[in-house]
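Summary of structural features
Here is how the chains run, residue by residue.
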Amino acid sequence: MVLGTTATGVRDVGDTLRTFAGRIPDWTLPPVGKPSAYKQELTGGRPRERRVVISDFARYPDARPEAPRQAVDQAETMLPTTSGVTRAVVVVTDPNQLGLWRPLLTGTEPTSAAPVVLRRHDRGSLRGWAQRVEKFHTEDRLDRLHELTGGWPILVDRAHHLHGELSDPDAALHRLAGLRGDRVAARSFVEATGAFADPLLATGYRALDEEFKETPFDLESAVAAVALRIEDEDEARWVVTCLDALQVLDRQENHLLRLEPLLRECVALLD
């Protein structure tokens, strides 16, 4: 189960899997466009064939609310009918499927599905990306890139496109810095993070912002701050868990947390 947002690149998961798996001999990713095709691929296949069946709900935001849960249940129950046939299943979800995220992240329901949360780049992975694309690879530019993007894949991709458009890494970084003063761009980015996709999440985020601002905090303090606002500790714990999965929290030393600075600046610009 892939859990991600537009800001963490969830809409690229299917294409990325097909690109990389396509380079591996004997691996196939059959096209799945309709529920009937998905079911057919779950039970079909040939012995010793390595197949990855992808059900990508991030590409279809208008899917029925129960469809992602059904896809998981079908993956567990609709097994290949021919001896020696195996397959792996990847179900891609975004904040439109928060009802499915909750049991996966909190472990409240038994399932064989393993959640994989799409994350922001840290400095190490951003350095690896810069080396791969051969852009922004000096230390000062990498530091600036990390500061201006927060490691968010959607903004790292934007930096990449700007570099190609302007043919100048410093000009690209300068243009990227404009996000902090552009209300339209800031709103688009905030929406892409999913932090305000649900009223309860929005309330939890604002509770943390008002309580801690730029000050680091621990997990239990975060839960207490949200619980004070919504008057439900269990719901508060879920909200903090979900905000963490949405990548809106930075992990500091000594297991402390803080609100990711770039998102916080953009939210403040819109208030």
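In this text, all values refer to a predicted model and were calculated from it rather than measured experimentally.

**Topic: the sheet that holds strand β5 (residues 116-117)**
In space, the five strands of this open sheet follow the order β2-β3-β4-β1-β5, with parallel pairing throughout. For this open sheet the edge positions go to β2 (27-28) and β5, each flanked by a neighbour on one side alone. With two bridges connecting them, strand β1 (residues 2-3) and β5 associate as parallel partners. Bridge pairing in β5 places Val2 opposite Val116.

**Quick notes on the nonpolar core**
In summary, soluble globular proteins display a tendency toward joint burial of nonpolar side chains. Counting 54 residues, the largest nonpolar core has Tyr38, Trp101, Phe189, Leu208, Leu243, Val248 and Leu263 as the members making the most contacts within it. Broken down by element, this core gets its largest block of residues, seven residues, from helix α12 (residues 233-245). Once you skip the residues sitting within four places of it in the chain, Leu243 turns out to touch Ala195, Leu201, Gly204, Tyr205, Leu208, Val248 and Leu249. Listed in part, the 14 residues of the second largest apolar core include Leu126, Ala130, Leu142 and Leu173.

**Remarks on the environment of Ala63**
With respect to the secondary-structure elements, Ala63 resides in the loop between β3 (50-56) and α3 (67-77). Remark: the alpha-carbon pair of Ala63 and Gly178, spanning 115 residues in sequence, is separated by 35 Å.

**A word on helix α10 (residues 199-212)**
In this model, α10 (14 residues) spans 20 Å end to end at C-alpha, consistent with the 20 Å of a helix rising 1.5 Å per residue. Within α10, the full set of buried residues consists of Leu201, Ala202, Gly204, Tyr205, Ala207, Leu208, Asp209 and Phe212. Of the surrounding secondary structure, the elements contacted by the buried residues of α10 are α4 (98-106), α11 (219-230), α12, β6 (249-251), β7 (257-259) and α13 (261-270). In the segment just after α10, Lys213 is the residue with positive phi, at about 50°.

Reading the values: the criteria
Residues numbered from 1 in each chain as written. Predicted model: local features only at pLDDT ≥ 70, side-chain atom pairs only at ≥ 80, totals over all residues. Heavy atoms only, no water. Pairing = 2+ DSSP bridges. Helix = DSSP H or I, 4+ residues; strand = E, 2+ residues; numbered from the N terminus. Core = buried A, V, L, I, M, F, W, Y, C linked by side-chain atoms within 4.5 Å. Buried < 20%, exposed > 50% of the residue type's maximum accessible area, 1.4 Å probe, protein only. Contact = heavy atoms within 4.5 Å. Expected span 1.5 Å × (residues − 1).

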